[in-house]
Amino acid sequence: MMLVTIVLIPLVTALILAAVGRRLLQTLNILSSTLLLGCALWLLWQVSSSGAQSLALGAWPLPYAIEFYADGLSALLIVLVALVAFAVQIFQLGWRVDCDEPAYLALQQGLIASAMAILLAADLFNLYVWFELMLMALLGLLVLPGRTRNLEATLKYFALSMLGTLLMLAAIGLIYGATGHLNFQALAQAAEREELRQSLPLFSGLLLLALFVKIGIFPLYAWLPAAYHTLPLPLLALVGGVLTKISFYVVMRLGGQVFDLSFVQEAIGWLAVVTMLSGVLGAAFHWDLRRILAFHIISQIGYLLLGIALASPDGATATGFFLAHNMLVKANLILIAGLMWLGMGHFDLRQGGGLYAARPWLAVFFLISALSLVGVPPSSGFWGKLLLLQESFDQQRFVWGGIALATGILTLYSMVKIWLEGFWKPTPATSPAPAVAMPPAAVFAVALLTCAILIMGVAPDPVIRFLQAQSLHVWGV
Amino acid sequence: MTILLALAISLCVAAGTWLLLSRDVFRLIMGLAVLGNAANLALFMAGRPGGMTPPVIVEGAATLAADAANPLPQALVLTAIVIGFALLCFGLVLAARVSRAHGHSDVGAYQVSEPQASPGQDATKPPLMD
């Protein structure tokens, strides 16, 4: 029951929000996000106390029914998505730029609903439908401010995402044609059949390619830095922190529980390190806060891919931890960028400055999240990277580990750039707008996420143990 | 039947890819539409079309007739068509709006959201959009 509730809460809220007047919008929105966070925590508690939860919809027996399924990793990610969504909704109470369209909150709830459903879906076609719904909600949100740059970004996003979903649809058709199944568990059994040894890797490889477009790995990420920076900032935190990671989770689940994709393991490792480097170098090139952070999303995806390329239980635990840490840190950094914008009047770092003198507490928030992204101890990012590097050196993957380390230094470079330009240097004489007061709701949201990051950094043990207890599998190892 | 469908799919993929590589924004959207039809056909073909008997177990029998049609891919394709159609409509309106805002339909010249450094400027520091 809990599993449907997780999807229904944001979905019903989206419908209600589309109908009610402006005054009720924010109240209902916050109420629903709080409820969702509560339900997500309850689901996590249920999964950790009584094992994975499954729900077959529509009175059919299992391989034929549409199934929702939550194991430890998906329950943990559901909690994190709900937490980030909650923080973003709180942040929006104090943020008015580009967020004032009546449809904005409804579409955002639709986005959250489809993200939750993707985390729960255990059926290929159902997965595809939720991906399409997520795409539709995001397209609406991208286009909503209506300026030329929004339309353009939407077009670029639309073209590449459509290509991705069409590949996914074709792959699902081919997989269904070969196996006669869509349910994950039934597919996993069918994948053992001898006569499918030759064809199935081809079809599941096509599905993987489609997911890679959605995740944004090395040659396929062009849509991400072209579109994300035009989103309203709180939404960028939600989308950048959560969305690409959800597609990544699907790769983890399909590769771990359904198909044997070990034939691309080596390739993914190399793609991972190239993705890492190209993302971080793109970030080093830019001066716009939003564009820097958008490129860092790509770089962090490289670490996640490295984790699955390592193909071991320890590698999977490390990937799970890194995924959890990165959702929080990325979202928080983008929200902090919003506060910096309020302080500097501009997203261009060259035109801002003096934030350390004006708002020392904001500098503290930024440092915690930035150092966590870089991986300086004791922060959540340190443990994530430590686990990943340990495993890659254990497996003698010295080049992969070395590039991951170098990427850490480059990440430090671009975080230091933000620090020096935004916080440390005196305010330039030509500084555009005067600083406005920080809305308390927005500061509270950032403080909430910072607390979560600190807790994960100081006490990573419960999360790591929880993930180890799930005995995550990747690539059938 | 299968050969014909396979031919149709490959034709659609070829035409769709060709249109997709165009720099004209409307051709691009059309390319996506044609590719979408190829994907739908592939999904449809997955059900091994050919069975003409309705997939209903007749009274007295315990199983379906051997040549019963497979209803699942049809349901899947119907869903995919509806979604694809909605997205196609959205895409066409979007293309119309973008090309009107720019006064031309050359996708390669749509650079407002990602401004390039003009020749006189420092290339490593691209100007910002706002």
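Predicted model, so just to flag it, every value in this text is computed and none were measured.

*Asks:* I'd like to hear about the overall build of chain A, residue by residue, with values.
*Replies:* When you go through chain A residue by residue, the secondary structure sums to 19 helices and two strands. For chain A, the spread of C-alpha atoms along the three principal axes comes to 70 × 55 × 45 Å. Across the 477 residues in chain A, those meeting the buried criterion constitute 65%. Pairs at least 24 apart in sequence give 82% of the contacts found in chain A among residues at least 6 apart. By element, 70% of the accessible surface of chain A is carried by carbon and sulfur atoms, the whole surface being about 15,800 Å².

*Asks:* Can you tell me about the interface of chain B and chain A, naming the residues and giving the values?
*Replies:* The partner chain A presents 42 residues to the 42 residues of chain B that form the contact. Taken together, the two surfaces of chain B and chain A that pack against each other cover about 3,700 Å², and 74% of this comes from carbon and sulfur. For the interface between chain B and chain A, the tally reads two salt bridges. The partner of E114 of chain B in a salt bridge is R291 of chain A, and the shortest N-O contact between them spans 3.5 Å. If you list the elements that add at least two residues to the side of chain B that touches chain A, you get α2 (25-45) and α3 (71-102) of chain B. Per-element accounting of the side of chain B that touches chain A gives the leading share, 15 residues, to α3 of chain B.

*Asks:* Any chance you could break down the environment of S54 of chain A for me, citing the residues and the numbers?
*Replies:* Residue and element names in this part refer to chain A. Position of S54 relative to the elements: it lies in strand β1 (residues 53-57). Its relative accessible area of 43% is what places S54 among the partly exposed residues. For S54 and A75, which are 21 residues apart along the polypeptide, the C-alpha to C-alpha distance reads 12 Å. Setting aside its immediate chain neighbours within four residues, S54 contacts L3, L62, E67, F68 and Y69. In terms of polar contacts, S54 uses its side chain to reach the side chain of E67, at 2.8 Å.

*Asks:* Could you give an account of the side chain of N126 of chain A, naming the residues involved and the relevant values?
*Replies:* With respect to the helices, strands and loops of the structure, N126 of chain A is situated in helix α5 (residues 124-143). Not counting the four nearest positions on each side in its chain, N126 of chain A is found in contact with I66, F68 and A121 of chain A.

*Asks:* Describe in detail helix α13 (residues 313-344) of chain A, supporting the description with residues and values.
*Replies:* All names here are of chain A. A rise of 1.5 Å per residue sets the reference length of α13, with its 32 residues, at 46 Å; its end C-alpha atoms lie 45 Å apart and thus fit the reference within 8%. Across the 32 residues of α13, 29 count as buried, placing the element largely inside the fold. After α13 finishes, the residue G345 shows a positive phi value of roughly 80°.

*Asks:* I'd like a description of the pattern of salt bridges, backed by residues and values.
*Replies:* Applying the stated rule across the entire model yields 10 salt bridges over all chains. With a closest N to O distance of 3.1 Å, R290 of chain A and D288 of chain A form a salt bridge. The residues R290 of chain A and D288 of chain A share a single accessibility class, namely buried. Ionic contacts of the salt-bridge type, sharing partners, join the residues K156 and R291 of chain A together with E114 of chain B into one network.

*Asks:* Residues and numbers for the packing of aromatic side chains, please.
*Replies:* Residues and elements named next belong to chain A. Tallied over the entire structure, the rule returns 18 aromatic pairs over all chains. Seen in terms of ring centroids, W223 and Y228 are 5.6 Å apart; in terms of plane orientation they differ by 75°. Their pairing is edge-to-face. On the basis of relative accessibility, which here comes to 3%, the residue W223 falls in the buried class. The interplanar angle of 65° and the centroid separation of 5.9 Å between the aromatic rings of Y356 and W419 together place this pair among those described as edge-to-face. Highlighted residues: Y356 in helix α14 (residues 355-358) and W419 in helix α17 (residues 398-424), separated in sequence by 63 residues. On the basis of relative accessibility, which here comes to 16%, the residue W419 falls in the buried class. Cation over ring: R397 sits above W400, and NZ or CZ is 4.2 Å from the ring centre. Geometry around W287 places K417 over its ring, the cationic atom sitting 5.0 Å from the centre.

*Asks:* Which residues make up the state of the cysteines, and what values do they have?
*Replies:* All names here are of chain B. By the definition in use, this model includes zero disulfides over all chains. With no disulfide of its own, C12 has C89 as its nearest cysteine by sulfur position, at a separation of 18 Å. Given a relative accessible area of 19%, C12 falls into the buried group.

*Asks:* Which residues make up the packing of helix α3 (residues 72-93) of chain A against helix α10 (residues 233-258) of chain A, and what values go with them?
*Replies:* Residue and element names in this part refer to chain A. Close contact between α3 and α10 brings their axes to 9 Å; oriented N to C, the two are set at 170°. The orientation of α3 relative to α10 falls into the category roughly antiparallel. In contact with L73, S74, L77, V81, V84, A85, V88, F91 and Q92 of α3, α10 contributes P234, L235, A237, L238, V242, I246, Y249, M252 and R253. In the contact of α3 with α10, the residues fall into 15 nonpolar, two polar and one charged.

*Asks:* Would you mind going over helix α15 (residues 360-374) of chain A in detail, with residue names and values included?
*Replies:* The α-helix winds at 3.6 residues per turn, so residues separated by three or four positions along the chain end up facing the same way. All names here are of chain A. Relative to the 21 Å expected for 15 residues at 1.5 Å per residue, α15 spans 21 Å between its end C-alpha atoms, a close match to the ideal helical length. All of the buried residues in α15 are L362, A363, F365, F366, S369, A370, S372, L373 and V374. Where α15 is buried, its residues touch α12 (289-309), α13, α14, α16 (380-394), α17 and α18 (440-458). Phi for G375, located one or two positions after α15, is positive at around 105°.

*Asks:* Tell me about a nonpolar patch on the surface, residues and numbers included.
*Replies:* All names here are of chain A. Residues Y356, L367, L371, V376, L412, V416, L420 and W424 make up a contiguous nonpolar surface patch of about 650 Å² in total accessible area. Among the elements of the structure, α15 and α17 are those that each provide at least two residues to the nonpolar patch. Among the elements that make up the nonpolar patch, the one with the highest residue count is α17 (four residues). Along the polypeptide, L412 turns up in helix α17.

*Asks:* Would you mind going over the environment of L207 of chain A in detail, with residue names and values included?
*Replies:* Residue and element names in this part refer to chain A. Mapped onto the elements of the fold, L207 is located in helix α8 (residues 200-215). L207 sits 38 residues away from L169 along the chain, and the two C-alpha atoms are 8.3 Å apart. With sequence-adjacent residues up to four places away left out, L207 is seen in contact with L124, M168, A171, I172, I175, L254 and F259.

*Asks:* Outline the nonpolar core, supporting the account with residue identities and numerical values.
*Replies:* Residues and elements named next belong to chain A. Within the largest apolar cluster, 212 residues are counted, with the highest numbers of intra-cluster contacts made by L111, L124, Y228, M340 and F366. The element contributing the most residues to this core is α13, with 19 residues. Excluding its chain neighbours within four sequence positions, the residues that come into contact with F366 are L333, I336, M340, M415, I418, W419 and F423.

The rules behind each value
Residues numbered from 1 in each chain as written. Chains lettered and ligands numbered in written order. Predicted model: local features only at pLDDT ≥ 70, side-chain atom pairs only at ≥ 80, totals over all residues. Heavy atoms only, no water. Helix = DSSP H or I, 4+ residues; strand = E, 2+ residues; numbered from the N terminus. Buried < 20%, exposed > 50% of the residue type's maximum accessible area, 1.4 Å probe, protein only. Contact = heavy atoms within 4.5 Å. Areas by Shrake-Rupley, 256 points an atom, 1.4 Å probe, with all protein chains shown as cover. Buried area = accessible area lost by both parts, 1.4 Å probe. Salt bridge = Lys/Arg side-chain N within 4 Å of Asp/Glu carboxyl O. Polar contact = N/O pair within 3.5 Å; in protein donor to acceptor, adjacent residues only side chain to side chain. Expected span 1.5 Å × (residues − 1). Phe/Tyr/Trp six-rings, centres within 6.5 Å; stacked < 30°, edge-to-face > 60°. Lys NZ or Arg CZ within 6 Å of the ring centre and 35° of its normal. Disulfide = S-S within 2.5 Å. Axes fitted to C-alpha atoms, helices over the stretch in contact; angles between N-to-C directions. Parallel < 35°, antiparallel > 145°, perpendicular 65-115°, else oblique. Nonpolar A, V, L, I, M, F, W, Y, C, P; charged D, E, K, R; others polar. Patch = residues over 30% accessible without salt bridge, like charges linked within 9 Å, V, L, I, M, F, W, Y side chains within 5 Å. Core = buried A, V, L, I, M, F, W, Y, C linked by side-chain atoms within 4.5 Å.

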